[in-house]
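Now for the letters of each chain:
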Amino acid sequence: MQLLAPLVLGTRTAPNRVMFGPHVTNLGTTDREFTARHTAYYERRARGGCGVIVTEGASVHDSDWPYERAPLASRCADGWAAIATACHAHGSLVIASLDHAGGQGSSAYSQRELWAPSRVPEVNSREVPKWMEAEDIAAVVAGFGAAAALAVGAGCDGVEINAGQHSLVRQFLSGLTNHRGDEFADRLLFARQVLSAVR
């Protein structure tokens, strides 16, 4: 049975192929930091035998604040370190999820404009985001790189880049949300830049 067999991931080996995926917990502080409650939450999953634990997605730039207690990567180093230490004690690998919700975020908490590839209203809220300027794009790409360095420096075994739901990366990849006429009309360009910065 492969599910319980070890899995080599780069230079690390997970004790099995059971993965606990990232999801919203709202266990953070109003300052957007991980807490002891996060550490206890993830440690329980490691103690139960989970091989890979992916932490709640952390916003890589302060232009992104998708929900009330969404972690902000620049404030997560201590939290990631505590989670990694607690989970490593049970043999689990810890992966930090890195995120930017783009136009699918919310302006309710930041009281500022949303950033997205194009001015396409969000399907649920109908909120219209700001068309990202070149300097905005560069700042977010740099944010992904800085967040990855922080997470790995804090003891995480790797990072995950959210390119699925509620993701700026996906919004650049999709013709539904990327109507640009500049170099980012190449819908793969932003994803490539993010991957390069993270690596």
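To be clear, the structure that these remarks concern was listed above.
Residues numbered from 1 in each chain as written. Predicted model: local features only at pLDDT ≥ 70, side-chain atom pairs only at ≥ 80, totals over all residues. Heavy atoms only, no water.

## Focus: the overall build of the protein chain
Basically, it comes down to this: Under the DSSP-based scheme used, a helix requires at least four consecutive residues in state H or I and a strand at least two consecutive residues in state E, with every element numbered from the N terminus. Put simply, the radius of gyration uses C-alpha atoms, and a globule should come to 2.2 Å times the residue count raised to 0.38. For every residue, the accessible area obtained with a 1.4 Å probe (protein chains only) is divided by the maximum for its type, and the residue is called buried under 20%, exposed over 50%, and partly exposed between those limits. Contacts are assigned to residue pairs that have any heavy atoms within 4.5 Å of one another. Only the protein chains shown count as covering a residue, and every accessible area follows the Shrake-Rupley method with a 1.4 Å probe. In this charge count, Lys and Arg are treated as positive and Asp and Glu as negative; neither His nor the chain ends contribute. Charge positions are represented by NZ for Lys, CZ for Arg, CG for Asp and CD for Glu.
Counting its regular elements, the protein chain contains 5 helices and 9 strands. Element order for the protein chain, N to C, with α for helix and β for strand: β-β-β-α-β-β-α-β-β-β-α-β-α-α. Rg of the C-alpha trace for the protein chain: 17 Å, near the compact-globule value of 16 Å for 199 residues, within the 12% margin. Reported as C-alpha extents along the three principal axes, the dimensions of the protein chain are approximately 50 × 35 × 30 Å. The buried share of the protein chain, taken over its 199 residues, is 47%. In the protein chain, 64% of the contacts between residues at least 6 apart in sequence involve partners at least 24 apart. Element-wise, carbon and sulfur atoms account for 54% of the exposed surface of the protein chain, whose accessible area totals about 9,400 Å². Taken as two groups, the 18 positive and 20 negative side-chain charges of the protein chain have centres that lie 6 Å from each other.

## Regarding the side chain of T25
Note the threshold: Whenever two N or O atoms come within 3.5 Å, that pair is a polar contact, provided that in protein one can donate a hydrogen and the other can accept it, and provided that, for residues adjacent in sequence, both atoms are side-chain atoms.
In this fold, T25 is placed in the loop between β3 (19-20) and α1 (36-47). Within polar-contact distance, the side chain of T25 engages the side chain of H38 at 3.1 Å. Within the structure, T25 has its side chain in polar contact with the side chain of E56 (distance 2.4 Å).

## Some thoughts on unusual backbone geometry
Its identity is not glycine, yet R126 carries a phi of approximately 65 degrees, on the positive side. Within the fold, R126 resides in the loop between β7 (115-116) and β8 (130-131). For H166, which is not glycine, the phi torsion reads 50 degrees and is therefore positive. Its place among the elements puts H166 in the loop between β9 (158-161) and α4 (168-173).

## Some details on α1
Note the cut-off: Under the convention used throughout, the expected extent of a helix is 1.5 Å for every residue step, that is, one less than its residue count.
The terminal C-alpha atoms of α1 lie 16 Å apart, and with 12 residues this matches the ideal 16 Å at 1.5 Å per residue to within 8%. When α1 is considered as a whole, its buried residues turn out to be H38, T39, Y41, Y42, E43 and A46. Buried residues in α1 make contact with β3, β4 (52-54) and α2 (77-88). One or two positions beyond α1, positive phi appears at G49, with a value near 105 degrees.

## Re the environment of R119
Structurally, R119 is set in the loop between β7 and β8. The residues touching R119, leaving out its near neighbours within four places in the chain, are V128, P129, K130 and W131. Side-chain polar atoms of R119 contact the backbone oxygen of P129, separated by 3.2 Å.

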